[in-house]
Every structure is written in structure tokens, then in C-alpha cells.
Amino acid sequence: MEFPLKEISGSKENTKKIADEFAKLLKPGDVVCLNGDLGSGKTFFVKAVCVNFGINEVNSPTFAIVNEYFGKKKIYHFDFYRLKNEEELMEIGFYEYLNDTEAITFIEWSDKFPDILPQHRFDVNIKTKNENSREIEIIRL
Ligand SMILES: Nc1ncnc2c1ncn2[C@@H]1O[C@H](COP(=O)(O)OP(=O)(O)O)[C@@H](O)[C@H]1O
Ligand SMILES: [Mg+2]
């Protein structure tokens, strides 16, 4: 997989294949930021990546702000959608999660608080084209 990647995925299966390829190059300490409208497939993508690490219980962290999963890799999964301000993140020690060099961190709706994101990260931007088709862009920053 080479970056920047921009691809139309015409099906969920196709998106899973992209996620499988992406999973292969993820390393502990990496941060992956996902953006795109509701229902575009951010959680779907995180789920599809995590299956590669033997993790099958990925769901949007609605009330907890962050979910933790343990498989072949340790995963933190944030969703900024419901957050009102950055303070809520600081209260739960956001930077301690980010600085955990043993974990891979996923952040849905990261664009809400662009100032607190690490400089080095992957951005996964997803656009809904139609019911089954998505434009997926992955950038390495
Ligand atoms: N090509 C595709 N890639 C990813 N998801 C798709 C695709 N086609 C349809 N979908 C559906 O889109 C929905 C995405 O939902 P979800 O991942 O929860 O979105 P988000 O987290 O961005 O709000 C899922 O129901 C998934 O089955
Ligand atoms: Mg989601």
C-alpha cells in the first residue's frame, strides 16, 4: 500500500480488503484519524482493521469516549462525535493514551479537535458516493 491512497470502494468486501492491507503496516504507537459523514464507514473500517488483530468486539465508543481492545495488538478507539470540548478529553488523560507506545489509537471525528492531534498520524477520509460505494483516502502525515 502506498500513500496517499485514493480509491473507490464499491462494496463492503472491497473496503475490508483495503483495511486488511492497511492493518499489515500498522505498528504500536500509530494513530489513525477517521473522518467522513455519519454512516460513511469510519467504525466499519476500524472494525475491519481490528479483525486482523483477532479483535471482534469493535463498536463505537458512545458513552465511554474511548474503548480499549486487546488482541494481537492493544487498541484504543476514540469517537469525538459527542464531545463538547477538549476538556473532556484532557480529563480522561487523552495524551497518556496517545503516548502509549504499545497501543494503536483510532479516532473517529478527529476533525472536531484538530489542534490536539499528533503531527505524525494516518488520516482516513471517507466519502459516501452511494449506498454501497465509498471514496476512501488514506494519507500518511
Ligand atoms: N463500501 C462500503 N464500505 C464501508 N461501509 C459500507 C460500504 N457500503 C455500505 N457500507 C455500510 O455503511 C455503514 C457504515 O456505518 P459506520 O461504520 O457505523 O459509519 P460511521 O462510523 O462513519 O458513522 C455500515 O452499515 C456498512 O455496512
Ligand atoms: Mg462511527
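Residues numbered from 1 in each chain as written. Chains lettered and ligands numbered in written order. Predicted model: local features only at pLDDT ≥ 70, side-chain atom pairs only at ≥ 80, totals over all residues. Heavy atoms only, no water.

Digging into the nonpolar core
Step number 1: In terms of nonpolar packing, the biggest core is built from 26 residues, with Phe22, Leu26, Phe45, Val49, Phe106 and Ile138 touching the most fellow members.
Step number 2: Mapped onto this core, the elements with two or more residues apiece are α1 (12–24), β2 (31–35), α2 (42–51), β5 (103–108), β6 (122–130) and β7 (133–140).
Step number 3: Setting aside chain neighbours within four positions, we find Phe45 in contact with Thr15, Ile18, Ala19, Phe22, Leu34, Val124, Ile126 and Ile138.
Step number 4: Among the nonpolar cores identified, the runner-up in size contains 18 residues, and Cys33, Phe94, Leu98 and Phe113 belong to it. (Core = buried A, V, L, I, M, F, W, Y, C linked by side-chain atoms within 4.5 Å. Buried < 20%, exposed > 50% of the residue type's maximum accessible area, 1.4 Å probe, protein only. Helix = DSSP H or I, 4+ residues; strand = E, 2+ residues; numbered from the N terminus. Contact = heavy atoms within 4.5 Å.)

Considering the site of ligand 1
Step number 1: Around ligand 1 sit 16 residues, and of these Thr15, Gly39, Lys42, Thr43 and Phe44 come closest.
Step number 2: Take Glu108: an N or O atom from its side chain is 3.3 Å from an oxygen atom of ligand 1.
Step number 3: One nitrogen or oxygen atom from the main chain of Asn132 is found 2.9 Å from a nitrogen atom belonging to ligand 1.
Step number 4: Protein contacts shield 77% of the accessible area of ligand 1, which totals 570 Å² for the unbound molecule.
Step number 5: Counting atoms within 2 Å of the grid points, the majority share of ligand 1 lands in the second largest pocket.
Step number 6: Mapped onto the shell around ligand 1, the elements with two or more residues apiece are α1 and α2.
Step number 7: If one sorts the elements of the shell around ligand 1 by residue count, α2 sits on top with 3 residues.
Step number 8: When grouped by side-chain class, the residues that make up the shell around ligand 1 number 2 nonpolar, 8 polar and 6 charged. (Near = heavy atom within 4 Å. Polar contact = N/O pair within 3.5 Å; in protein donor to acceptor, adjacent residues only side chain to side chain. Areas by Shrake-Rupley, 256 points an atom, 1.4 Å probe, with all protein chains shown as cover. 1 Å grid on protein atoms, 1.4 Å probe; cavity = no way out; pocket = protein on both sides within 12 Å on 5 of 7 lines; lining within 4 Å. Sits in = over half its atoms within 2 Å of the grid points. Nonpolar A, V, L, I, M, F, W, Y, C, P; charged D, E, K, R; others polar.)

Section: the coordination of the magnesium ion (ligand 2)
Metal coordination angles have textbook ideals: 109.5 degrees for a tetrahedral set of four donors and 90 or 180 degrees for an octahedral set of six.
Step number 1: Those donors, Thr43 (OG1) and Glu108 (OE), are the protein atoms that reach the magnesium ion (ligand 2), and they lie 2.1 to 2.2 Å from it. In this pair, Thr43 sits in helix α2 while Glu108 sits in strand β5, placing the two residues 65 residues apart along the sequence. Taken individually, Thr43 and Glu108 each receive the classification buried, so the pair is uniform in this respect. (Donors = N, O, S within 2.8 Å, 3.2 Å for Na, K, Ca; no water.)

What to know about the packing of α1 against α2
Step number 1: Where α1 meets α2, the closest approach of the two axes is 8 Å, and the angle between their N-to-C directions is 55°. By the angle between their directions, the pair α1 and α2 is classed as oblique. The way α1 lies across α2 gives a crossing that is right-handed. Contacts between α1 and α2 pair Lys12, Thr15, Lys16, Ile18, Ala19, Asp20, Phe22 and Ala23 from the former with Phe44, Phe45, Ala48 and Val49 from the latter.
Step number 2: Across the contact of α1 with α2, the residue classes tally to 8 nonpolar, 1 polar and 3 charged. (Axes fitted to C-alpha atoms, helices over the stretch in contact; angles between N-to-C directions. Parallel < 35°, antiparallel > 145°, perpendicular 65-115°, else oblique. Left-handed = near helix turned anticlockwise from the far one by under 90°.)

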